[in-house]
Amino acid sequence: MYPGDLKYSEKHEWVRVEGKIATVGITSFAQEQLGAIVGVGLPEEGSKVEKHGALADLDSMKTADQVFSPVSGKIVKVNRALEERPELINDDPYGEGWVAVIEMADPGELADLMNASEYEAFVAEEASKG
Amino acid sequence: MNYVPHTDRDRSEMLAEIGVANLAELFSDIPSDVRLGHELRLPAPMSEYDLARHMGALASKNRTTDDLVSFLGAGAYDHFVPSVVRHLVSRSEFYTAYTPYQAEISQGMLQAIFEYQTLMCELTAMDVSNASLYDGATAVAEAATMACRQTRRQQVVISAAVHPEYRTTLKTYARNLGIDVVEAGMKDGATDLEELGRLASSATACVILQNPNFLGSVESMEVAAEVAHRNGALFVACVDPISLGILAPPGEYGADIAVGEGQGLGSPMSFGGPYLGFLTCRQELIRNMPGRVAGETHDPQGRRGYILTLQAREQHIRRERATSNICSNEALSALAAAVYLSWLGKDGMREVADLCLQKAHYAFDRVAAIPGFRPVSETPFFKEFAVRMPVAPEQAGAALLESRILGGLPLGRYYPDLGDAMLIAVTEKRTKEEIDSLCRALEGLA
Amino acid sequence: MTMPLIFERSEAGRRAYSLPECDVPRKDATELLPGWALRKRAADLPEVSEVDLVRHYTKLSQRNHGVDVGFYPLGSCTMKYNPKVNEDAAALPGFSALHPYQPEELAQGALELMYELGRYLCEIGGMDEATLQPAAGAHGELTGLMIIKAYHESRGDGAERTKVIVPDSAHGTNPASAAFCGYKVVEVKSDGRGGVDLDSLRAAMSDEVAALMLTNPNTLGLFDENIVEIAKIVHDAGGLLYYDGANMNAIMGIARPGDMGFDVLHFNLHKTFSTPHGGGGPGSGPVAVKKALAPFLPVPVVEKTDGKFVLDYARPQSIGKVKAFYGNFNVMVKAYAYIRALGAKGLRQASENAVLNANYLMRKLAPYYHLPYDRHCKHEFVLSGEYQLASGVHTGDIAKMLLDYGFHAPTVYFPLIVKEAIMVEPTETESRDTLDAFVDAMIGIAQLAEKDPEALHTAPHKMVVGRLDDVTAARRPVLRWRPNKQTNAG
């Protein structure tokens, strides 16, 4: 359910880290909560993003949500495929449904994120609150 | 009169079912200190017959463009509305419906909106259309805020030749959003393109021109579009849809957003409303487009149907981050436009525009030949032109009324340097005879 | 059978139009206009005969549900009967063939109607002055907030007051209008009885708050009993109270927003005052204000001087204009006629019967559907589809099934604070027979939810199309017809 090699935020984003490069997406729990995702608004490549800053817009049938960046840095790549096929986030949240790649300004920020088992416990608690 | 079907017996039985003794009990949660202690001070109720007579009497206090020959335009036009339009928009299945939230039971209106969108895309040569906005003025304001969101810039450059009320409306909207509105002046009845070039910059979200402009002149839209794009700004074209039977559409000169007033497409003038704001744009901009939009889809059996879509842009879903606060729009006016444009068809669209063009030019030549009268500009025009006259335009208007002519708009109120000018509109409805009688009446003033 | 689009009925050379002769000497367009100004490719508009045009749109109308067809209990929308005499009045050439710029002395009847309508609305709302300019409810909200902003600015604290408070039960237009007016939106919670939570409100209030936007009765259909206290909390902190008039149909002649402490309110003529919704518009959203806010109304305001009606533009503190001309005049004519037909007593009876009908339906349905706030409602009430959820049936399924019974569905999934919300507003013009038939349908659906949930998942079954795929519509938007796409028109 929650891949062990990823880090997770309380806003239900995941991060895959390779050196200073962080790939960001939303978790399977988050996409399930949103339901069918029908539109994605992506930021400009090359722009800067702050930690907790809005990274992308996610439109589902009943709500308009945002992806918040778990780290600060420069957006080096965005997943253009989502513009044509937003369902990739529903179908493959950790793979083809990635949202953006960020060159981190401060990899130290990763320390605030959860590992898979911590996140699983976090989600269980959220779910029990309804 | 109250249109309530209940008998007293119905009411008492219903109250019993609810479990209360009387109607007042149902209002017991309204604190006594805010309850109205008296009856509203309103005129006494009327029977339907008395009401109809009263309304007729009020209506007869107005002089109408049916009993006057109108040369008044300036954003509301006396175009011919064919009978089919009134009959079809009077189908009460259409006009007594709400917004088509439940698609399967609202296919008629949804398909009509989809057809309207297609017609407006064709007419403006743009990719997508929304389902309508309030009017031309708010469409300009919505286009400006749309451009600001799209470009993340907060300055709008607009030509002073855009309808004065559209500019005022834009400024009202913009002021509250911290958007800076800059005006480029006029030269010989059209936008001063050099000034436009100086004002537009990398801070500009969009450049807005009207074509034909408020004085009727045809603008160099392609040049203005180039000014906008050179600065990374969007180009917004505010156009008269009737003119598009002949004039180049926004899509042919590089506009990013086309807006305008669609009243001429089958809606009566009705003292200023309801009209039809339209907005079409390039495909890339749809996420920032305001207002409703209908889309094609299918049911489980593969049957084609229509539905309101891309709703995540709208207020009921995106709330404070919505692309606009608009909810109710002008769907019935959009339906009227769809019927009107389908009535005209490809040839009729060109013909109605050509009739306006021909008759307006005949009028122009005749009026300009009257001693003491001279056109404000030599710029090409479509169906409306401004002319300076030897008497005060207001006074001329009063004199024209004696010949049962509703004269054009005196321009001094909007452009102080045009205090001696009148804006004359000529639609396809005006006959040679009527134009000649206008000229005779004007000759008498010279 | 697929219903063809008007474009699919097109045949080159057919025509419906007939236009006047060109009785002036005709010149070629290229003589009158420069080549660059001319259209290169003609707009590909459909070419159809008049009878085909009429049949096409008549068929479309038959594929549409309106109040004249059947019950339309769409919560928050007040789908009451639209009296026909009002339509006739609005179609009189003396109203419809008026140019907005014709001299005032030629439009005295129209201006008198606007002046009087403004006064009636002020009396009904307990306010002092009104503008009829806004084109719809949301437009009224925006206008009202602009007035509030201008008021604060005139007192020197406009720059500090950057926030507008809305309850979590508010219409989506409230936060959207506030944002469109440059305000930051702060949400306050509802309390256990469905009203504004006073502690949340107190905590949210500060000298940064420009206004509280409220609907009363609120979107749950419940009257907020604490309204006087709410008004005090807001006013004590220097804020103003904005009244969203969407729910005015509950209280005409019974209570007035102005007396509750509201400073600004908008009316929806297309809800409360019986003007038809037109399949999505035109509406009309007049705004009425207390005296202190009157200088900021949009221009022009209709005034009466020496027995003549005039358009007053000389209002230096005005916010400006929110639309061209004076508003949706044709809609005003209908609302004016409605008020004149009903008078004070008729308006009060309309509200009383609207509330009666809502409570009757609510009590009849409460055994079958979860009623989250069990108290007298006003003109509408909110149920929850929570019981049915146990069988895997969602509110959306219930709504779609209702269509098969010939009813429009209630508003669903709103307000957001009620899970699986079903918001029902019957209005006063529905008979007991209609209400009972609706109750039977809803009970039948509740029973079906237990026995055969699949039947609900696939509803509707009797409409011209089955349940439409909204997800694909949004993911792969097809927003216009294109000629190269072959479809089987039949």
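Note: the structure precedes this text.
Model, not experiment: these values are computed from the prediction.

A look at the interface of chain C and chain B
Frequently, the measure chosen for interface size is the accessible area removed from exposure when the parts meet.
No. 1: Contacts between the two partners involve 214 residues from chain C, matched on the other side by 189 residues from chain B.
No. 2: Carbon and sulfur atoms make up 63% of the area that chain C and chain B hide from each other, which totals about 17,300 Å².
No. 3: On the chain C side of the interface with chain B, the three residues burying the most area are R39(C), F180(C) and L479(C), jointly 5% of the side's total.
No. 4: Inspection of the region where chain C meets chain B yields 16 salt bridges.
No. 5: Notably, a salt bridge pairs E122(B) with R41(C), separated by 3.2 Å at the nearest N-O pair.

A short note on the nonpolar core
No. 1: Ranked by size, the top nonpolar core spans 220 residues in total, and within it I257(B), I124(C) and F273(C) carry the most contacts.
No. 2: In terms of residue count, the dominant contributor to this core is helix α11 (residues 329-365) of chain C (21 residues).
No. 3: Ranked by size, the runner-up nonpolar core spans 89 residues in total, among them V207(B), L344(B), A353(B) and L53(C).

Things to note about the pattern of salt bridges
No. 1: Applying the stated rule across the entire model yields 65 salt bridges over all chains.
No. 2: The salt bridge partner of D57(A) is R321(B), with a shortest N-O separation of 3.3 Å. Taken together, the positions of D57(A) in strand β6 (residues 54-60) and R321(B) in the loop between α11 (315-318) and α12 (331-368) put the pair across two chains.
No. 3: On the basis of relative accessible area, D57(A) is assigned to the partly exposed category, the value being 22%.
No. 4: D354(B) is paired through a salt bridge with R26(C); the nearest N and O atoms lie 2.8 Å apart. Highlighted residues: D354(B) in helix α12 and R26(C) in the segment before α1 (29-32), drawn from two different chains.
No. 5: In this structure, a network of salt bridges that share partners links the residues R9(B), E13(B), E17(B), K364(C), R432(C) and D436(C).

Details of the packing of aromatic side chains
When we look at a pair of aromatic rings, we describe it by the centre distance and by the angle of the planes.
No. 1: Tallying each qualifying case throughout the model produces 34 aromatic pairs over all chains.
No. 2: A centroid spacing of 5.3 Å and a plane angle of 75 degrees characterise the contact between F271(B) and F329(C), whose relative ring orientation is edge-to-face. With F271(B) in the loop between β9 (257-261) and β10 (277-281) and F329(C) in helix α11, the pair connects residues from two separate chains. The same class applies to F271(B) and to F329(C), which are both buried.

Calculation notes
Numbering of residues starts from 1 in every chain and runs along the sequence as written. For naming, the first written chain is A and the first written ligand is 1, with later ones following in the order written. Confidence filtering applies because this is a predicted model: local features only for residues at pLDDT of at least 70, side-chain atom pairs given and counted only at 80 or more, and all residues used for totals across whole chains, interfaces and linings. Excluded from the side-chain calculations are hydrogens and water; all other atoms, namely the structure's heavy atoms, are used. Contacts between residues were defined by any pair of non-hydrogen atoms, one from each residue, lying within 4.5 Å. In this description, buried area is defined as the sum, over both parts, of the accessible area (probe of 1.4 Å) that is lost when the two are combined. One side-chain nitrogen of Lys or Arg within 4 Å of one carboxyl oxygen of Asp or Glu is enough to make a salt bridge. Grouping buried Ala, Val, Leu, Ile, Met, Phe, Trp, Tyr and Cys residues that are joined through side-chain atoms within 4.5 Å yields what is termed a nonpolar core. Only protein chains enter the accessibility calculation, which uses a 1.4 Å probe; a residue is then buried when its area is under 20% of its type maximum, exposed when over 50%, and partly exposed in between. Put simply, DSSP marks the helices as runs of H or I at least four residues long and the strands as runs of E at least two long, and each gets a number from the N terminus on. By convention, a stacked pair of Phe, Tyr or Trp rings (six-membered ring in the case of Trp) has centres within 6.5 Å and planes under 30 degrees apart, an edge-to-face pair has planes over 60 apart, and any other such pair is tilted.

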